Each structure stands twice: as C-alpha cells, then as structure tokens.
Amino acid sequence: MTDAVPQFRTATESADIDALMETLAPDAELTSPISGRLVFGGQDDLRILLTTVYRSISMMRWTDQIGDGTHRVLLGEAYIGPFRMTEAMVIELDEDGRIRKLSPHIRPWPALTFLAVKLGPRLIRYPGVMRRASGARPHTP
C-alpha cells in the first residue's frame with residue numbers, strides 16, 4: 001500500500017494537476033465546500049474541477065497533517081484574489097492508499113464567496129460536469 005497524501009500535498013501546492021490526478025482512486029469523489037450538495041466524481045470530472053480550483057488560488061501551503069491510516073486531515077492556507085483562506089481538507093484513502101474522498105472545508109466566508117464567484121463562470125462551460133455533480137439525470141423524451 002502506498003500513501004498518496006505526501007504527493008497530494010506537493011501536487012496541490014505546485015498546481016501540478018497530472019501529479020495530483022495520480023493520487024486519486026479511479027472512483028474518487030469531492031464534495032463541494034460551496035454547496036455541500038454537489039459531489040464531483042470520476043477522473044475526467046475531477047480533472048476539470050481540480051484544474052479550475054488549483055489554477056484559481058495562489059500560494060497554497062499545507063501547514064499541518066492530522067491522522068493516520070485511511071483518514072487524514074490537512075490544514076492549509078492559500079489566497080483567492082485578495083482574500084486569505086484557510087482550509088481543512090478531509091481525506092479518505094482506499095485500500096491501495098489512493099485518495100477516494102476529498103471533503104474541503106474553506107473559511108472565512110468572503111474567501112469562500114470569492115471562490116464561488118471565480119469558479120462558477122469557469123465551470124459553467126462544462127454543463128455535463130455540473131449535471132453529474134448534482135446527481136441530475138439527463139432529460140429523455
């Protein structure tokens with residue numbers, strides 16, 4: 001079993017999306033910290049989402065790690081536009097040590113709001129990603 005968390009830390013701090021994607025299990029999913037209801041899953045959708053996120057923030061730095069085994073929490077900070085944000089990323093690993101679930105928790109409210117404003121127009125270009133994240137089924141006549 002490998003431990004994907006150190007590579008995840010390095011990849012997110014440098015916005016290396018290819019290295020970041022290598023840390024994820026094929027069925028990985030991320031629950032949106034903005035809506036709490038959107039769940040992004042699968043390699044293709046997560047690549048779009050994570051590229052958008054990690055290319056929108058700057059100076060990402062993980063400051064601490066809590067836990068061992070299959071559950072971890074990374075504590076970090078970054079900037080989104082003029083706002084400093086702090087993050088607690090809850091990570092669940094699969095039996096192979098790859099990341100199966102990501103649950104980011106971002107604060108303060110102005111940073112989270114600015115993140116939503118910045119990401120929204122970029123993600124709307126991918127309606128299928130947003131539809132799948134919402135659990136919506138395509139309309140069939």
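These remarks concern the structure in this document. (Residues numbered from 1 in each chain as written. Predicted model: local features only at pLDDT ≥ 70, side-chain atom pairs only at ≥ 80, totals over all residues. Heavy atoms only, no water.)

Before going further, it helps to examine the overall build of the protein. Along the protein, the regular secondary structure elements total five helices and six strands. In the protein, the succession of α and β elements from N to C terminus is α-α-β-β-α-β-β-β-β-α-α. A globule of 141 residues ought to have a C-alpha radius of gyration of about 14 Å, and the protein, at 15 Å, matches this closely. Seen through its C-alpha atoms, the protein measures out along the principal axes to roughly 50 × 40 × 25 Å. Put simply, of all contacts in the protein between residues at least 6 apart along the chain, 48% involve residues at least 24 apart. (Helix = DSSP H or I, 4+ residues; strand = E, 2+ residues; numbered from the N terminus. Rg over C-alpha atoms; globule rule 2.2 N^0.38 Å. Contact = heavy atoms within 4.5 Å.)

Moving on to the sheet that holds strand E5 (residues 83-93). With mixed pairing, six strands are arranged side by side in an open sheet as E2-E1-E6-E5-E4-E3. The outermost strands of the open sheet, each flanked by one partner alone, are strand E2 (39-41) and strand E3 (58-66). On average, each strand axis in the sheet is tilted by 20 degrees relative to the strand beside it, whichever way the strands run. As judged from the eight bridges shared by E5 and strand E6 (residues 99-107), these two strands associate in the antiparallel manner. Note on E6: the bridge partner recorded for Ala-88 is His-105. Across the face of the sheet, helix H1 (residues 5-13) comes into contact with E3, strand E4 (71-80), E5 and E6 while running at roughly 160 degrees to E3. Helix H3 (residues 43-54) contacts strand E1 (24-31), E2, E3 and E5 of the sheet and is inclined by roughly 55 degrees relative to E1. (Pairing = 2+ DSSP bridges. Axes fitted to C-alpha atoms, helices over the stretch in contact; angles between N-to-C directions.)

Further remarks concern the side chain of Thr-12. Note that Thr-12 resides in helix H1. A distance of 3.1 Å separates the side chain of Thr-12 from the backbone oxygen of Arg-9, its partner in a polar contact. Beyond its immediate chain neighbours, meaning those up to four positions away, Thr-12 contacts Leu-20, Tyr-54, Met-60 and Trp-62. (Polar contact = N/O pair within 3.5 Å; in protein donor to acceptor, adjacent residues only side chain to side chain.)

Time to look at the pairing of E1. Pairing of E1 with E6, which is carried by three bridges, proceeds in the parallel orientation. Across the sheet, residue Leu-24 finds its bridge partner in E6, namely Ile-99.

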